[in-house]
Amino acid sequence: MARRAATGPAPHIKRTGGTAAVKAMLLEWCRARTRGYQHVDVQNFSGSWGSGLAFCALLHSFFPDAFDYGSLEPGARRHNFALAFATAEERAGCAPLLEVEDMVRLPVPDAKCIYTYVQELYRCLVAKGLVKTKKR
């Protein structure tokens, strides 16, 4: 089977092994960026994002002046998602691919939706020069 060039929301993420390797790399990037943030333990692209705090921590790691992370509460899901998505759009230029209401309606977020959004956020941060990628 021939390998095709990477396509999709983050085509510049190129690692051998295809989609699974890209997903693993992106998950590790999220873990590294959110390490040390209270109430955040990124283990996957579903339940780990349920409170909205993983999104907030990820964005706060790039834009620490955007909001006071320490004032956020895990139970304030609607507020956390709204804050994260607004910050991503305003500061990173990230398209609003997820709706706050959809996120709070589901007790466990849809992994494909989270993964797609994180890919888009990563792409936007790379485009702004905030994430360094290896040149080939």
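Residues numbered from 1 in each chain as written. Predicted model: local features only at pLDDT ≥ 70, side-chain atom pairs only at ≥ 80, totals over all residues. Heavy atoms only, no water.

In the annotation of an unreviewed UniProt entry, the entry for the protein chain reads Smoothelin-like protein 1, and the organism field reads Grus japonensis.

Engineer: Which parts of the structure should I look at to understand the side chain of Ser-51?
Structural biologist: On the secondary structure map, Ser-51 appears in the loop between helix H1 (19–34) and helix H2 (53–62). At 3.1 Å, the side chain of Ser-51 and the backbone nitrogen of Leu-53 are in polar contact. In this structure Ser-51 touches Pro-74, Arg-77, Asn-80 and Phe-81, once residues within four positions along its chain are discounted. (Helix = DSSP H or I, 4+ residues; strand = E, 2+ residues; numbered from the N terminus. Polar contact = N/O pair within 3.5 Å; in protein donor to acceptor, adjacent residues only side chain to side chain. Contact = heavy atoms within 4.5 Å.)

Engineer: Help me understand the packing of H1 against H2 in this model?
Structural biologist: The geometry of H1 relative to H2 is characterised by a closest axis approach of 9 Å and an angle of 70° between their N-to-C directions. Between H1 and H2, the interaxial angle falls into the category roughly perpendicular. Packed against H1, whose contacting residues are Trp-29, Cys-30, Arg-33 and Thr-34, the element H2 presents Ala-54, Ala-57, Leu-58, Ser-61 and Phe-62 at the interface. Residues belonging to the contact of H1 with H2 are distributed by class as follows: six nonpolar, two polar and one charged. (Axes fitted to C-alpha atoms, helices over the stretch in contact; angles between N-to-C directions. Parallel < 35°, antiparallel > 145°, perpendicular 65-115°, else oblique. Nonpolar A, V, L, I, M, F, W, Y, C, P; charged D, E, K, R; others polar.)

Engineer: What is the right way to read the confidence of the model for the protein chain from this model?
Structural biologist: Low-confidence regions, as indicated by low pLDDT, have predicted coordinates that should not be scrutinised in detail. Mean pLDDT for the protein chain: 88, with 85% of residues reaching 70 or above. Low pLDDT, under 50, characterises residues 1–9; the stretch is placed with nine contacts to residues that sit more than four places away or in other chains. (pLDDT = per-residue confidence, 0-100.)

Engineer: How should H1 be read in this particular structure?
Structural biologist: Each full turn of the α-helix corresponds to 3.6 residues, which orients residues three or four apart in the same direction. Over its 16 residues, H1 runs 22 Å from end to end, which matches the ideal 22 Å to within 8%, given 1.5 Å per residue. Along H1, the residues that are buried comprise Val-22, Met-25, Leu-26, Leu-27, Trp-29, Cys-30 and Thr-34. The positive-phi residue at the C-terminal boundary of H1 is Gly-36, with phi of around 95°. (Expected span 1.5 Å × (residues − 1). Buried < 20%, exposed > 50% of the residue type's maximum accessible area, 1.4 Å probe, protein only.)

Engineer: Please explain the nonpolar core as it appears in this structure.
Structural biologist: By size, the foremost hydrophobic cluster in this structure holds 44 residues, and its most contacted members are Trp-29, Phe-45, Trp-49, Phe-55, Tyr-69, Phe-85 and Val-118. Of all the elements, helix H5 (residues 111–127) adds the most residues to this core, at nine residues. In this structure Phe-45 touches Lys-23, Leu-26, Leu-27, Cys-30, Asp-110, Ala-111, Ile-114, Tyr-115 and Val-118, once residues within four positions along its chain are discounted. (Core = buried A, V, L, I, M, F, W, Y, C linked by side-chain atoms within 4.5 Å.)

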